[in-house]
Structure formats: structure tokens, C-alpha cells
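Chain residues, written in single-letter form:
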Amino acid sequence: MTRPRSDDDRIADIWGPRTPYAAGERWPVRVDRFVPGLADEDVDRWVPSACVLCSNCCGMDIAVKDGRIAGVRGRAGDRINHGRLGPKGLYGWQANNSPDRLTRPLVRRRGRLVETDWDTAMNLVAERSRRVMDRHGRLGLGFYNTGQLFLEEYYTLAVIARAGLGTPHLDGNTRLCTATAEWALVESFGSDGNPGSYTDIDTCDTLLLVGHNVAETQTVLWMRMLDRLRGPDRPRLVVIDPRLTPVAREADVHLAIRPGTNVMILNAILHELIARDRVDHEWVARHTVGFDALADVVRDHPPERAAEVCGVEAADIREAARIIGAGRRLVSTALQGVYQSHQATAAAVQINNINLIRGMIGRPGCTVFQMNGQPTAQNTRETGANGSLTAFLNFQNDEHVELLARHWNVRPIDIPHWWEPTHAMEIFRFCEQGSIRFLWVICTNPAVSLPELHRIRSILDQKRLFLVVQDAFLTETAELADVVLPAAMWGEKTGTYTNADRTVHLSDKAVEPPGEARADLDVLLDYARRMDLRDKDGAPLVKWSTPEEAFGHFAAVSRDRPCDYSGLSYAKLRDRDGIPWPCNGRYPDGRERLYTDGVFGTGADYCESFGHDLETGAANEPDEYRAHDPAGRAIIKAAHYKPPHEPVDDDYPLQLSTGRTVYHWHTRTKTGRARQLQDAAPRVWVELNPDDARSLGVAEGDLVRVESRRGIVHGPARLTGIRPGTVFVPFHYGYWDRREAGPRTAANEVTRTEWDPVSKQPIFKVTAVRVVRVAGRRAPAAAPEAGAGRVPAAGAHTVEGRTP
Ligand SMILES: Nc1nc2c(c(=O)[nH]1)N[C@H]1C(S)=C(S)[C@@H](COP(=O)(O)OP(=O)(O)OC[C@H]3O[C@@H](n4cnc5c(=O)[nH]c(N)nc54)[C@H](O)[C@@H]3O)O[C@H]1N2
Ligand SMILES: Nc1nc2c(c(=O)[nH]1)N[C@H]1C(S)=C(S)[C@@H](COP(=O)(O)OP(=O)(O)OC[C@H]3O[C@@H](n4cnc5c(=O)[nH]c(N)nc54)[C@H](O)[C@@H]3O)O[C@H]1N2
Ligand code: SF4
Ligand SMILES: [Mo]
């Protein structure tokens, strides 16, 4: 029975009441609302927006009362959520009203950060930029941004950094997040952008989820899947994840592989599909290249070999392949268990290959989601605020560079394109080595989120590096800055953003930011003015002053590119709930599904990149690509399995994986300031398998030390259904809210500096560690009572309400 829930229930009851539905039916509406103490009619205004606490971007209205955000409710008509909101969406907005927001700029004087006015702070930023340019050239400047700004802000930043300053050192934290999603799409389909739509969940009959704990990380998308799983014609579910996550608990087959072995397990599944001829040969012949090479490679990855390497049963691999091979509408997804693991891009591409050889792309219920994580990561990539060119243009294609130069009215030579743009891990290395002397960090907290934190802290703390941090709070990174710029947050500024299924939302400013905090766009425009950045005719380079104008400029650049925004406008976005790109003359309402005609973005003149070798990361030569132009056919790329580079050994016998809990957002600057969320998961914990715990003499709640070759973290042990030999630590717990010094708790103290050869994404999910008991149980176990961390140890759990 479905009982109405109180607004406050989404902590204990994460996914809320079920609304089951059958294939092809519309997902029922359920409106979630949290406006404490106020009835709808007491609210002054409702401002349409979308949640920015994950890549779903659920449509929501912001309640405004007396000039402050007073709550939120889901938008019933939004194509993403049909009214639903998850825990972070419902409660996370409270961070906006936190009393410890940054309200004035800070500058470092005699070692201390002191308040100042905007003019002083920005003059200092501009003066130091110019000084570094004069002494060290444009390669002395670096910019490290995010997946959480708005499209207009990224676009402006990309123009400033690339065309204005001419530095190749511009990247986003999307490098840590979805660089592999981007590259998996580019390598297979020629261009970034997920092919499918969330409506494919409504019609699929098979789901394959790889390294994707969607139940905790995109709770509303999981509600949609769960409503299908509870509906009349339940889709089959295959899950590949070393932990017994809430998703795995629902699976028909759960392959709890050893971390780092994705390519092996996926190749074994491909092996089975090909051996049992579950291949759509006609479609493959017409719409793809590379099938024979794939068949060759996977021939020597049979289930028996994979069973040994991955530590699972061969029969389970066969059963997984049988389910996938029997399905007629397959939706596959991947996220950080793939992207941050060993052989990231190689593995992500094998998931594309599963859908490609089944001919299951571009039709309702058939797609692969190379998922995003952050709400606006797609825009970082589209605008080129990461290491790509704006509008998915190809930096190795001279015509593309010329096109961009024409739009910006600069010379092609002014846009660095002589070599691949610098990726984030290299930016930090250049800071370490001293060739970058000015680093501007916007909307990200690398002192907690990058690997090997002692190294990152020492890089950011150097005297010779001038560090600017633009954030809403005094984060661990801001504490190390020379200048701190107080930023307005979501709800306090206007802009657009695009979710993982390419749906664009507009979020209008609902309230004023606190104190003197400013919208990031305004800060960037101010900087461009102070730096006097000019185009080739001497006119100001940045030709806009409002978000809407910035949007218009980007929309023009994107015309005829895969991410075509030319048919979108603020007026249209205000008129409707969420519109997917491309949106243009041909698709005035947006195109829900790409590649419906089996034509992909791989043509040599059109593609975003000429691609890489998946095993080595070697870039393909443009001429070579042109000589074998796939010309619109998808590219099936194979890869052999290679063992992880840091295997476990006698000294470090366990494998550490890191990730998320449902209640917290990254470094907790928002969720740690929302009472319900912080109370639900107040402290770090260490997940262990009960057998491992026993042999270490560790009981539930004991304080343990996790040691790697790079550092140590401490936390209470939590005995869970994680696979033996594996340890999991959530990475949310830095130091900003700690009242006194104590042992280290940020998971990245122990992670290591290594990245994927193709996407350059750091490998946060595979680190050899040992675990040592420090003390007996001191406090109640700190793990939240829900999510993967909840699963009781001895297999005593029940799968609640699962339809048999
Ligand atoms: N609550 C919450 N939601 C979020 C976020 C958040 O911070 N909190 N962040 C958002 C962002 S930016 C992102 S990127 C996403 C991330 O979302 P997810 O990728 O779903 O989350 P993670 O916990 O990082 O990792 C997913 C799973 O990968 C598994 N895994 C680890 N190693 C391997 C491996 O080698 N192979 C396989 N197959 N699986 C492995 C882990 O056990 C884990 O369950 O979440 C988004 N949503
Ligand atoms: N060990 C380990 N490490 C990881 C991961 C993992 O799974 N394991 N996951 C990685 C992934 S996928 C991600 S996405 C990263 C996330 O890592 P970060 O990006 O470092 O984490 P956030 O806490 O989201 O940082 C965003 C910052 O922006 C600020 N902010 C919020 N809104 C605004 C705004 O509008 N303007 C400005 N200027 N600032 C704002 C917030 O206060 C916060 O300080 O972590 C990565 N690190
Ligand atoms: S699923 Fe993501 S976008 Fe939707 S409410 Fe939750 S955090 Fe926000
Ligand atoms: Mo992410």
C-alpha cells in the first residue's frame, strides 16, 4: 500500500513510495515538497529551476519567502523527474542560507586572509595575472574549474582563457568525474553527448549497470528504474559492482568483481554474446566498423578466464550474458566504478560495444548512458571549459579552429591548438614544478577531491604560486588561497545547464546573494575588462554582459554542431520544462534520441577527435583517420585486459575503493550544512567484509587505520556486504567543519596519482592498502543507516518488497 509520506521522510525512506508502471506507460507523477513551516499559499513566489546536486537535474520550483529561499518542490511536468526529488534535492538548498557563507572578498596579508573590497581583490588578481604573463608567458597561467557552474559562465571562461589569455592550461574537475564518459562517447560515436533519453528506462526490458550506484547517486533516476522493477513486466537487471549496493540487491545477476577488472568481465560478456551469436549482423555491417577486430580480441577472454581474474563464477558471467543476449531493448549505464577504475576508457567503450553489436542504439528502450555525475558537467564539455574545444570542435581540424576563431574574431593562432589541451593532473604538476605561477580555482575543492592530498596541499601552499579561489564557502582549498572571491550560488544567479540525457533547463535568479557575493559570470566579466582583453580588431573580446547574451553567443557557435543550441532561447526554456539538445530548425522541440538513423558523428570533417588507441592512449593521426574515414559509422574498438598497476601484496593486501553515500555531496560544503543530511551521515567510516574484519581482529565500530603507500585515514569500521579483500571509504570527509585537529579522514589522503591513458581521469577506485585496528568501539557506528553502508554483515539482509 502506498501511504502518503511526510515531507521529512526522505532520509529514512530515500526513494519514497513506489508508483509502479509497465513498459511503454508514462511514469506516474509524484510531487515531492519540502518547504518547512509554510503552506503553498504562504510562499511569496515560486521560481522554476532544476536541482544542481547531481547530473539528473530534476525540475524543481524554488519557494521564495521574504527574499530568502524557503524550500523546494518538484515540478510535475518535468520530463526528468515527474515531480520527484531525492534527499539532496529536498534538503540541500538550506546551504544557501547558511550563516557562514562568504560575503566579502579576502586577500592574504602577512600570512592571514583578511576582508577587503571587490576592487582591491580584482585589481590584485589582474595585476598578478599580468605580472606572470610578463615574466613567464601565457603558459604561466592556469584555470581549474568545475562541473557545477552554468553554461554561460563556462563559455565566458573558455573565451577568456583560450582566446583572451591564450593558455592551454584550462580544465575542469570534470577530469575527475566524466572525462571518461566524454571520451567513451567520442571514441565510439565520434562526438560527446549521450545517445538516449531517460524515457528509454520506460520502455527497456533489460538493464546493465556497471560501476554505477544509481540508487545513491541519482536517486530519482533509480526511482524510475525501481518503479519499472516493481511494475508488471519487470526488466531484467545485471549489475557489475564489487559492493552489495542497493542496486545490486535488486539484480538478477550481481557480478561482484575485483575492483579494476572491468575490461576482463566486459570482454567475457562480449565473448559470450559473439559465441552464442547474439549479434545483429545486418545492423553491425551497415552502421559500424571494427567488429572483426573485437571478435578477435574477446576470443581469448572466455568466462573461465574472467572468473579467475575477476573473482566471480563463470556460470554467473554466462547468465549475465544470456540475459543481455535475450533482451530486445537494452539500456546500459556506466559511472565511476568504470571511469575512476583501471582501464577506464577501454572498459567504458566495451559497454558501448555491447549495445552496438546488439544493434541497440537509437531506438526506444535501446541506449547506453555514459553517465555524468555533476549537474552541469555536460556544459563544461560543450563550452570547452575542460580540455576540449568549444562546441565539440576538433582541435586537430584546422577548419574547426578557423570557425571558432571567426566566431570570436581572433586569429586561429590565438587559440592554443598546437597540442592537446592540458589536463587537470598536468595542471597541478606544472604548478608543482613551477611553470604555472597563477592558478584560479573556481567552484571546486581540490584540497579534498584530488588524489594524494599531502601532495596537493603542498602544491597549493607554495609561495611562488598565486592562488585565487572562487567559492561560496571558506573551503580547505580557500584556506590556502592568496585571494578568495565570494560566489553567489544556484538560486542567486541566472543560467542554464544540461543533464546527462542532454535536457537543458533554465534557472532564474530567485533571491539576492548574501553580502557582497557575486555571480561567477560577473566576476569573469569584470576580470576580462580589467585585463582589457581584445579581439583582433581591438574591440572587447567578451561581447556580452548578461547570462542571456552569453547564451545567445554560445548558441550561435554551436549551430550545426552535435550540441546544437541554436533553436533554444531563454524565452523557450521559460515556456517549457527541460528541452534536450540538439534543438534547431529541424528539431524545434529538441531531439530526444540521437542516431535514430544509424548515422553517427564519426565523419572525418565532423568528428570531435580522431580518437586514441585504448590500451596506450596514443592519439590517431588525422591523415590515418581520413584514409579510413568511418563516415558516420560507429567505431567498435577493442582492448585487451591489463592487470592494475598497483596490485595488492603482502604489505598492502587489500584493495581500497572510494566513492559516495546517498546523503552527501562531495566535499560536503552544501550537504554538511543541511541538518537532515549531515545528521544522517555525520562522520567517515570504513567498509570491510566480515571475514576480513575477523582476521584483522576488527569488530563493528572499532576505530581502524587505512594505510597506503601515500598516506593514512582513520575511521570506524563498518562490516558490510562488500566483496572480500576490498575496503571502501566515502570521500566526503575533509576538515572544514572540524573543531579540533585530529586524525585524517579524507579518503584522498591514501589514493594515488595515476590516470587513464585516454581520458586522463585519475584512478580513485583502485589503491592497495592495509587496515590496522587502532581502538575498540568508541562511538556508535558512524555509517548512515541506509545505502550500501547499511547492508548487515552476515547475509542477514532481506531484499525488501522485491517482486519475485
Ligand atoms: N549522493 C551523492 N550523489 C552523487 C554525488 C555525491 O557526491 N553524492 N556525486 C555525483 C557525481 S559528481 C558523480 S561522478 C556520481 C558518481 O556516482 P557513482 O559512480 O554511482 O558513485 P561512486 O560511489 O563513485 O561509485 C560507484 C560504484 O563503483 C563501484 N566500483 C568501485 N570500483 C569498481 C570497479 O573496478 N568496477 C566496477 N564495476 N565497480 C566499481 C563502487 O563499489 C560504487 O558502488 O554521483 C553523483 N551523485
Ligand atoms: N577518492 C575520491 N575522490 C574523488 C572522487 C571519488 O569517487 N573518490 N570523485 C571525484 C568526482 S567524480 C568529483 S565530481 C569531484 C568533486 O570534487 P569537488 O568539485 O572538489 O567537490 P565539491 O564539494 O562539489 O566542490 C565544489 C565547490 O564549489 C563550491 N560552489 C558551489 N556552488 C558554487 C557556485 O555557484 N560558484 C562557485 N564559485 N562555487 C560554488 C562549493 O562550495 C564547493 O566548495 O571529486 C572527485 N574526487
Ligand atoms: S536525483 Fe539528483 S537532481 Fe534529482 S533531486 Fe536528487 S540530487 Fe537533485
Ligand atoms: Mo563527479
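In this convention, every chain numbers its residues from 1, walking through the sequence in written order. As they are written, the chains are lettered A onward and the ligands numbered 1 onward, keeping that order. A pLDDT threshold of at least 70 governs which residues receive local features in this predicted model, and a stricter bar of 80 or more applies before side-chain atom pairs are shown or counted, although totals over entire chains, interfaces and linings include all residues. Calculation of side-chain values draws on the structure's entire complement of heavy atoms; hydrogens and water are dropped beforehand.

Undergrad: How do you make sense of empty space enclosed by the protein when you look at a structure like this?
TA: The method is simple in principle: a probe with the dimensions of a water molecule rolls over the atoms, and the space it marks as empty is what remains. Both site types are read off a 1 Å grid over the protein atoms alone. A 1.4 Å probe that fits but cannot get out defines a cavity, while an open set with protein on both sides within 12 Å along at least five of seven lines defines a pocket; lining residues have an atom within 4 Å of a point. Grid points are joined across faces, edges and corners, and a volume is the space filled by probe spheres set on the points. Tallied over the full model, the rule gives 5 cavities of 30 Å³ or more. Reported here for the largest cavity is a volume of approximately 550 Å³. Surrounding the largest cavity, 36 residues form its lining, Gln-148, Cys-443, Thr-444, Trp-665 and His-666 being those nearest its centre. Only α4 (174-177), β16 (466-471) and β22 (654-659) provide two or more residues apiece to the lining of the largest cavity. The start and end points of each domain follow an automatic or database-based domain assignment. Here the lining of the largest cavity gathers at least three residues from each of two domains, domain 2 (106-177 + 384-535) and domain 4 (654-778). The space that makes up the second largest cavity amounts to roughly 470 Å³. Taken together, the elements giving at least two residues each to the lining of the second largest cavity come down to α7 (214-217), α14 (336-339) and β22. The element that contributes the greatest number of residues to the lining of the second largest cavity is β22, accounting for 3 residues. In terms of residue class, the lining of the second largest cavity is built from 10 nonpolar, 19 polar and 7 charged. A domain split of the lining of the second largest cavity shows at least three residues from each of domain 3 (195-370 + 601-609 + 620-635) and domain 4 (654-778). Strands are runs of DSSP state E lasting at least two residues, helices are runs of H or I lasting at least four, and both sets are numbered from the N terminus onward. Here the term charged refers only to Asp, Glu, Lys and Arg, the term nonpolar to Ala, Val, Leu, Ile, Met, Phe, Trp, Tyr, Cys and Pro, and the term polar to all other amino acids, Gly among them.

Undergrad: Looking at this structure, I do not really get the site of ligand 3. What am I missing?
TA: Nearness is defined per residue: one heavy atom within 4 Å of the molecule or strand is enough. Taken together, the neighbourhood of ligand 3 is formed by Cys-51, Leu-53, Cys-54, Asn-56, Cys-57, Cys-58, Leu-85, Gly-86, Lys-88, Gly-89, Thr-219 and Val-220. Elements supplying a minimum of two residues to the shell around ligand 3: α1 (87-91) and α8 (219-229). Counted by class, the shell around ligand 3 contains 7 nonpolar, 4 polar and 1 charged residues.

Undergrad: Whenever I open this one, a nonpolar patch on the surface confuses me. Can you help?
TA: What goes into a patch is any residue over 30% in relative accessible area without a salt bridge, connected to like charges within 9 Å or, for nonpolar side chains (Val, Leu, Ile, Met, Phe, Trp, Tyr), within 5 Å. All accessibility values rest on the Shrake-Rupley procedure with a 1.4 Å probe; residue burial counts only the protein chains present in the view. Any carboxyl oxygen of Asp or Glu that lies within 4 Å of a side-chain nitrogen of Lys or Arg is treated as forming a salt bridge with it. On the surface, Leu-139, Trp-418 and Trp-419 cluster together to form a nonpolar patch covering roughly 400 Å² of accessible area. Take Leu-139: it is sitting in the loop between α2 (118-136) and β7 (141-145). For every residue, the accessible area (1.4 Å probe, protein chains only) is compared with the maximum for its type, and the residue is labelled buried under 20%, exposed over 50%, or partly exposed between those bounds. Residue classification places Leu-139 among the partly exposed residues on the basis of a relative accessible area of 39%.

Undergrad: Would you take a moment to explain the domain arrangement of the protein chain for this structure?
TA: Accessible area lost when the parts come together is the quantity often used to give the size of an interface. The domain boundaries assigned to the protein chain delineate domain 1 (2-97), domain 2 (106-177 + 384-535), domain 3 (195-370 + 601-609 + 620-635) and domain 4 (654-778). Computed from C-alpha coordinates alone, the two centres of domain 1 and domain 2 are separated by 32 Å. Residue contacts are counted whenever heavy atoms from the two residues lie within 4.5 Å of one another. Across the contact, 24 residues belong to domain 1 and 17 residues belong to domain 2. The term buried area means the drop in 1.4 Å probe accessible area that two parts suffer when joined, counted for both and summed. Interface of domain 1 and domain 2: buried area, both sides summed, is about 1500 Å²; carbon and sulfur atoms make up 61% of it. Broken down residue by residue, the surface that domain 1 buries against domain 2 is led by Val-52, Cys-57 and Asn-96, which jointly contribute 30%. Our enumeration of links across domain 1 and domain 2 arrives at 1 salt bridge.

Undergrad: When you look at the site of ligand 2 in this model, what are you seeing that I'm missing?
TA: Lining the immediate environment of ligand 2, one finds 33 residues, of which Asn-173, Ser-449, Asp-471, Thr-667 and Asn-748 sit closest. Counted as a polar contact is a pair of N or O atoms within 3.5 Å, where, for protein atoms, one must be capable of donating a hydrogen and the other of accepting one, and residues adjacent in sequence contribute only when both atoms are in side chains. Here an oxygen atom of ligand 2 sits 2.6 Å away from a polar atom, N or O, in the side chain of Asn-173. Within the side chain of Asn-748, one N or O atom sits 2.7 Å away from a nitrogen atom of ligand 2. Coverage of ligand 2 by the protein amounts to 99% of the 910 Å² it exposes when considered alone. Being in a pocket or cavity means that more than half of the molecule's atoms lie within 2 Å of its grid points. At a threshold of 2 Å from the grid points, most atoms of ligand 2 map onto the largest cavity. Elements represented by at least two residues in the shell around ligand 2 include exactly α4, β16 and β22. Across the shell around ligand 2, the residue classes tally to 11 nonpolar, 16 polar and 6 charged. Each of domain 2 (106-177 + 384-535) and domain 4 (654-778) contributes no fewer than three residues to the shell around ligand 2.

Undergrad: Help me understand the side chain of Asp-202 in this model?
TA: The residue Asp-202 is located in helix α6 (residues 199-203) in this model. Relative accessible area serves as the criterion here: at 8%, Asp-202 is assigned to the buried category. Among the polar contacts listed, one links the side chain of Asp-202 to the side chain of Tyr-21, at a separation of 2.6 Å.

Undergrad: Teacher, can you tell me more about the sheet that holds strand β17 (residues 483-486) here?
TA: Neighbouring strands of a sheet are bound in pairs by backbone hydrogen bonds; such pairs are parallel or else antiparallel. In spatial order, the strands read β6-β5-β17-β16-β15-β7-β8; together these 7 strands make up an open sheet with mixed pairing. Where the open sheet ends on each side, the last strands, each with one partner, are β6 (112-115) and β8 (170-172). Within the sheet, the average angular offset between the axes of one strand and its neighbour, ignoring direction, is 20°. In this analysis, strands are considered paired if DSSP registers two or more bridges between them. In terms of strand pairing, strand β5 (residues 106-109) meets β6 through 4 bridges, oriented antiparallel. Within the sheet, the bridge partner assigned to Leu-106 lies in β6 and is Glu-115. Where helix α3 (residues 151-165) meets the sheet, its contacts fall on β7, β8 and β15 (438-442), and the angle it forms with β7 comes to roughly 165°. Strands β7, β15, β16 and β17 of the sheet are contacted by helix α21 (residues 520-530), whose axis makes an angle of about 155° with β15. In this analysis an axis means a line fitted to C-alpha atoms, helices contributing only their contacting stretch, and an angle means the value between N-to-C directions, from 0 to 180 degrees.

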